[in-house]
Amino acid sequence: LTSFRLSDSFVKSYDGVPPPFGFNGLGHLVFLRTYARPRDDGTRERWVDTVERVVNGTFEMQEAWAIATRGEWDDGLAQARAQDMFHRVFNMMFLPPGRGLWAMGTPLTRERGLYTAANNCAFVSTAGLGAPGADPSEPFGFLMDASMLGVGVGFDTLGAG
């Protein structure tokens, strides 16, 4: 596994800062119901915890990619960009997709590498089913794998008879 983590002092500076959920409490309720993961002590994540998990997971993925491709990785630059991302997500200046809020930085992505779980939707074509050398099960395998990760999958019927 990679080692990226937002600095503790940076994250602690957001403790007690009220998140801008809006909608007279409805936004907070939806967050708690849908995206706040359970913690080891039986409580649920707070917004600050979820944002930290998502940002750490995003930058862990980037660090792993840099290592795997022998690309460049700069810890200081990553920390600065991660803090900027944290600030923007915390204040809802931008948000990842809901599936990203739910999955990123969890064992599903960190340990299993199933980043597809962070996608909301996908599409698969059956157009090449009859092509020489094509594996006729490939589009259906993709559809099943993605569906089992919670991704909505659209498809066409171009390969039908």
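This text follows the structure it describes.
Thresholds applied
- Residues numbered from 1 in each chain as written.
- Predicted model: local features only at pLDDT ≥ 70, side-chain atom pairs only at ≥ 80, totals over all residues.
- Heavy atoms only, no water.
- Helix = DSSP H or I, 4+ residues; strand = E, 2+ residues; numbered from the N terminus.
- Buried < 20%, exposed > 50% of the residue type's maximum accessible area, 1.4 Å probe, protein only.
- Contact = heavy atoms within 4.5 Å.
- Areas by Shrake-Rupley, 256 points an atom, 1.4 Å probe, with all protein chains shown as cover.
- Lys, Arg positive; Asp, Glu negative; His and termini not counted.
- Charge placed at Lys NZ, Arg CZ, Asp CG, Glu CD.
- Phe/Tyr/Trp six-rings, centres within 6.5 Å; stacked < 30°, edge-to-face > 60°.
- Axes fitted to C-alpha atoms, helices over the stretch in contact; angles between N-to-C directions.
- Parallel < 35°, antiparallel > 145°, perpendicular 65-115°, else oblique.
- Left-handed = near helix turned anticlockwise from the far one by under 90°.
- Nonpolar A, V, L, I, M, F, W, Y, C, P; charged D, E, K, R; others polar.

Q: I'd love a proper account of the overall build of the chain, names of residues and values included.
A: Broken down by element type, the chain carries 7 helices and 2 strands. Counting from the amino terminus, helix and strand elements in the chain follow one another as α-α-α-α-α-α-β-α-β. Once the C-alpha set of the chain is aligned to its principal axes, its extents read approximately 60 × 45 × 30 Å. Split into buried and exposed, the 161 residues of the chain put 34% on the buried side. Sequence-distant contacts in the chain: of pairs separated by 6 or more residues, those separated by 24 or more amount to 63%. For the chain, the accessible area works out to roughly 9900 Å², and carbon and sulfur atoms hold 58% of it. Averaging the positions of the 14 positive and the 18 negative side-chain charges in the chain gives two centres separated by 6 Å.

Q: Quick one: what's the story with the packing of aromatic side chains, residue by residue and with numbers?
A: This model, assessed by the stated rule, comprises 10 aromatic pairs. Ring geometry for Phe4 and Trp73: centres 6.3 Å apart, planes at 85 degrees, overall edge-to-face. Here Phe4, found in the segment before helix H1 (8-12), pairs with Trp73, found in the loop between helix H3 (47-68) and helix H4 (75-90); they are 69 residues apart in sequence, far enough to count as distant. Note on Trp73: relative accessible area 27%, which makes it partly exposed. Aromatic side chains Phe21 and Trp47 sit 5.5 Å apart centroid to centroid with 65 degrees between the ring planes, which places their arrangement in the edge-to-face category.

Q: Give a description of the packing of H3 against H4 that names residues and reports values.
A: Where H3 meets H4, the axes come as close as 10 Å, and the angle between the chain directions of the two elements is 140 degrees. Taken as axis vectors, H3 and H4 run oblique relative to one another. Where H3 crosses over H4, the two elements pack in a sense that is right-handed. Together, Trp47, Val48, Val51, Glu52, Val55, Thr58 and Phe59 of H3 and Ala78, Arg81, Ala82, Met85, Phe86, Val89 and Phe90 of H4 make up the contact between the two elements. The residue inventory of the contact of H3 with H4, partitioned by class, reads 11 nonpolar, 1 polar and 2 charged.

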